[in-house]
Amino acid sequence: MTTLGKLAMLLLVTLAFLCVAYMCVMYSRYVGKVVAVDLQTGETNIWNALCSNLTFIPQEADCPVEDRNGAGIWSRGSVVDGGDDSIFVATGNGLFNANEGGFYWGDSLMRLRKGLRVADGPVILDSYTPTTYKDMQDKDYDLGSSSPCILPIIPLSNTPYMIVQASKDFQLRLLNREDLSGQGCCANVGGEVHSVPFEDGFIFNHPLAWYDDEFNAMWVFVTTTDNEAINSPSGHGFHAFQVLTDETGASTLSLNYTLPLFGSSPFMANGVLFQQTYTGLYALDPSTGRTLWVSGATGGLHWQSPIVVNGRVYTSDDSGNIYAWGVTNPNPEPNFPVWALILCAVAAVALVAGAGRYCYSSSYRYCSSEPQSQEEEGVEKHSLLPEGSNHHI
């Protein structure tokens with residue numbers, strides 16, 4: 001019985017990429033792979049994380065696997081478009097021997113030629129493998145538990161084109177995506193630009209990179225899925241890092257704030273940071289972590305991720321429910337009788353101010369029907385989506 005499992009897909013204009021964590025016989029073995037399908041011609045090309053010299057789906061006799069560690073590619077998102085003629089993908093536990101001339105790429109971040117066509121040149125364009133790769137394989141610390149996250153360009157950095165890779169070994173790594181190991185292509189170990197510990201649980205989702213134009217700040221948001229802080233010493237699963245670049249051009253990751261939230265992949269929409277948790281959907285001020293709005297209770301979470309479509313945020317839960325969150329109009333015009341405006345011209349100014357909405361922040365709008373201090377803690381309901389939206393909470 002052949003089983004295909006843990007799939008992820010990326011669709012580009014003319015290409016579809018399918019990542020496979022395992023293709024096995026009764027789950028006895030698996031080999032992670034990326035399959036590229038040309039949507040115009042139907043041409044299919046394959047890159048195997050183990051036995052990368054083989055361009056077909058290997059059987060057991062073709063590609064020996066150690067202890068079921070087949071370098072599965074199973075993170076959410078999996079393949080990331082490099083924006084040029086390349087894609088990035090991270091592998092899980094598996095043998096790594098490419099530094100010795102072999103073809104096994106376990107626990108590695110790979111930059112591959114888009115299309116995976118051998119006729120176009122070398123498929124492997126660059127790679128990064130931690131120096132601790134053997135320990136990661138032994139302890140099930142998949143480097144590829146999370147998808148790589150591309151950062152916007154940082155012009156003042158010595159490495160302006162960077163990428164972040166989270167993993168299960170409690171490290172968050174900042175890498176130069178133009179030279180992943182800092183030692184040229186390929187199969188070198190180590191060489192990250194910077195790394196910081198992340199000791200509040202395993203990371204199984206996709207980090208989020210965001211550049212704050214107002215304050216010229218680069219942010220990376222990372223959330224662990226560990227529910228109820230089971231494996232979190234601090235009790236905080238949400239971490240907001242800044243990428244700081246000093247006067248010498250060296251870039252580092254610096255933790256700015258944390259929140260007691262655990263959940264799915266965070267995302268931004270209209271300057272608002274959204275985080276789905278095991279109990280609901282949170283809307284946050286990305287620069288401070290302040291809660292702007294929180295949904296009603298939802299029925300649990302596994303690996304679901306929210307999406308935004310036409311001004312609504314859609315979420316699903318473990319109880320079989322799908323939710324659509326939105327607002328009517330973030331700044332409705334107050335409705336006053338004509339006679340009140342005529343007879344109380346002066347008082348009308350005060351009435352309008354009292355009956356309108358109070359808005360803060362120049363970079364995006366979050367409004368309340370009552371005036372509030374920007375430092376106020378706790379859950380607040382605010383209008384978050386674009387002006388003119390006609391959707392409803």
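Residues numbered from 1 in each chain as written. Predicted model: local features only at pLDDT ≥ 70, side-chain atom pairs only at ≥ 80, totals over all residues. Heavy atoms only, no water.

## Side note on the pairing of strand E18 (residues 272-276)
Within E18, five of the five residues are buried, which leaves the element mostly enclosed by the surrounding structure. Burial along E18 is two-sided: Val 272, Phe 274 and Gln 276 facing one way and Leu 273 and Gln 275 facing the other are all buried. One ladder, built from three bridges, connects strand E17 (residues 267-269) with E18; its direction is antiparallel. Of the residues in E18, the one forming a bridge with Met 268 is Leu 273. Bridge analysis of E18 against strand E19 (residues 281-284) gives four bridges, and the strand direction is antiparallel. Bridge pairing in E19 links Gln 275 to Tyr 282. (Buried < 20%, exposed > 50% of the residue type's maximum accessible area, 1.4 Å probe, protein only. Helix = DSSP H or I, 4+ residues; strand = E, 2+ residues; numbered from the N terminus. Pairing = 2+ DSSP bridges.)

## So, the sheet that holds strand E15 (residues 238-245)
Reading across the sheet, the four strands line up as E13-E14-E15-E16 and stay open at both edges, with antiparallel pairing between neighbours. Where the open sheet ends on each side, the last strands, each with one partner, are strand E13 (208-212) and strand E16 (251-259). Across this sheet, the average inter-strand angle for adjacent strands is 25°, counted without regard to direction. By the bridge criterion, eight bridges tie E15 to E16 in an arrangement that is antiparallel. The residue of E16 that forms the bridge with Phe 241 is Leu 255. (Axes fitted to C-alpha atoms, helices over the stretch in contact; angles between N-to-C directions.)

## Topic: the state of the cysteines
Applying the stated rule across the entire model yields two disulfides. Bridging Cys 51 to Cys 63, the disulfide has an S-S length of 2.1 Å. What sets the handedness of the Cys 51 and Cys 63 disulfide is the S-S torsion sign, and at about 100° it is right-handed. Here Cys 51 is found in the loop between strand E4 (44-48) and strand E5 (80-81), whereas its partner Cys 63 is found in the loop between E4 and E5, with twelve residues between them in sequence. Judged on exposure class, the residue Cys 51 and its partner Cys 63 are both buried. (Disulfide = S-S within 2.5 Å.)

## Some details on the nonpolar core
Val 34, Trp 47, Val 89, Trp 105, Met 110, Leu 112 and Leu 116 are the most contacted members of the largest nonpolar core, which has 25 residues in total. For this core, the secondary-structure elements that each account for two or more residues are strand E3 (33-38), strand E6 (86-90) and strand E7 (109-113). Beyond its immediate sequence surroundings of up to four residues, Met 110 is in contact with Trp 47, Ile 87, Phe 88, Val 89, Trp 105, Ile 124, Asp 126 and Ser 127. Membership of the second largest hydrophobic core comes to 18 residues, among which are Leu 172, Ile 203, Ala 209 and Phe 241. (Core = buried A, V, L, I, M, F, W, Y, C linked by side-chain atoms within 4.5 Å. Contact = heavy atoms within 4.5 Å.)

## Overview of the side chain of Asn 48
Looking at the secondary structure, you find Asn 48 in strand E4. Judged by relative accessible area, which is 0%, Asn 48 ranks as buried. Only 2.8 Å separates the side chain of Asn 48 from the backbone oxygen of Leu 54, close enough to count as a polar contact. Excluding its chain neighbours within four sequence positions, the residues that come into contact with Asn 48 are Val 31, Gly 32, Lys 33, Leu 54, Thr 55, Phe 56 and Pro 58. (Polar contact = N/O pair within 3.5 Å; in protein donor to acceptor, adjacent residues only side chain to side chain.)

## Examining the environment of Thr 258
Secondary-structure assignment places Thr 258 in strand E16. Spatially, the C-alpha atom of Thr 258 lies 9.5 Å from that of Gly 235, the residues being 23 residues apart in sequence. What Thr 258 contacts, discounting residues up to four positions off in sequence, is His 236, Phe 238 and His 239.

## Concerning the side chain of Asn 205
In this fold, Asn 205 is placed in the loop between strand E12 (194-197) and E13. A relative accessible area of 0% places Asn 205 in the buried class. Within the local environment of Asn 205, its side chain forms a polar contact with the backbone oxygen of Thr 223, the two atoms lying 2.8 Å apart. Discounting chain neighbours no more than four positions away, the residues touching Asn 205 are Arg 76, Ser 145, Ser 146, Ser 147, Thr 223, Thr 225, Gly 263, Ser 264 and Ser 265.

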